[in-house]
Amino acid sequence: MKGNVLSRLFELRQELYSYLNGEGKETHILQLYDKIVAFIKKINLWKRKLTEENGKTICFPLLKYFLGENDLELPMSLKTIFLEHLTNLETHFMKYFPEEMKLYYWIKDPLTEKPLSNFTTTEEEQLIDISSDSSLRMQFSSYSLLGFWNNIKDEYPEVSNKALRILIPFATSYLCEAGFSAVAVLKSKYRSKLNVDK
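The structure contained in this document is the topic of the report that follows. What you see is a predicted model, and the numbers here were worked out from it, not measured in a lab. (Residues numbered from 1 in each chain as written. Predicted model: local features only at pLDDT ≥ 70, side-chain atom pairs only at ≥ 80, totals over all residues. Heavy atoms only, no water.)

Below, the discussion takes up the overall build of the protein chain. Check the secondary structure of the protein chain and you find 10 helices and 0 strands. For the protein chain, buried positions account for 30% of its 198 residues. Looking at the protein chain as shown, the accessible area adds up to about 13000 Å², and 55% of this sits on carbon and sulfur atoms. (Helix = DSSP H or I, 4+ residues; strand = E, 2+ residues; numbered from the N terminus. Buried < 20%, exposed > 50% of the residue type's maximum accessible area, 1.4 Å probe, protein only. Areas by Shrake-Rupley, 256 points an atom, 1.4 Å probe, with all protein chains shown as cover.)

Next comes the structure, spelled out in C-alpha cells:
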C-alpha cells in the first residue's frame, strides 16, 4: 500500500512538471508562479486533511479506494511519511519560486499595481501614464501579457523594457529539450537513411 500511495504522490509531481513544460514557449515566469502558488495551496490542503481526525484521504482517491476496499485505516506511520513527503515537495517548489515573485505583480496588472521603490522617476511616471490611459485598459485585456508590453514599448520604453526583461527569459526548459530531441533524432539510426544526393 505504501508503494502505491508514494507512487501516486510522485505521479502528481510529474503531472505538474509535465504541465509546466507543456506550456513551453507560450508562457512566462509569472504564469508559472501562479500555478506553483496554487499547487502549494493544494499541498497544504492535503496535509491538513491528513492531519484531521480519522486522517481523511479524500484528496487521494486511489488511497481512499484501497483503504475502503480492504476495510483498513491509514496507519500513523504512513501518515507521517505522506506528510513528510508533502512538506519536502512544498519546500522544493518554494526554492525555485520564492515569495519575491510578488515584486513583479505590477507587470501582470500595470493598471492598478503601485510602482516599486527601485523604479526610476521616469519608470514610475510611465507606469502612472499607463494606469491612467483608458484606451490601454481595453488593449490590456485583448493582448497577452508579453504582447501588451511589447506593443507599448515605443511609447513607454523604460517601463516596458523593465517588464520585458522579466517576461522574456524562458520560463521552462521546453526549448532546450526540443533542441536536444532534434539532435538526438539526427544522431540516431534514421540519419543513415537520409538521401542527401538530391
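Within the chain, Asp71 stands out as a residue other than glycine whose phi angle is a positive 50°. What makes Asp71 exposed here is its relative accessible area of 72%.

Attention shifts here to the side chain of Glu90. Position of Glu90 relative to the elements: it lies in helix H4 (residues 76-96). We classify Glu90 as buried; its relative accessible area is 18%. The residues contacting Glu90, other than those within four sequence positions of it, are Ile40, Ile43, Asn44 and Lys47. (Contact = heavy atoms within 4.5 Å.)

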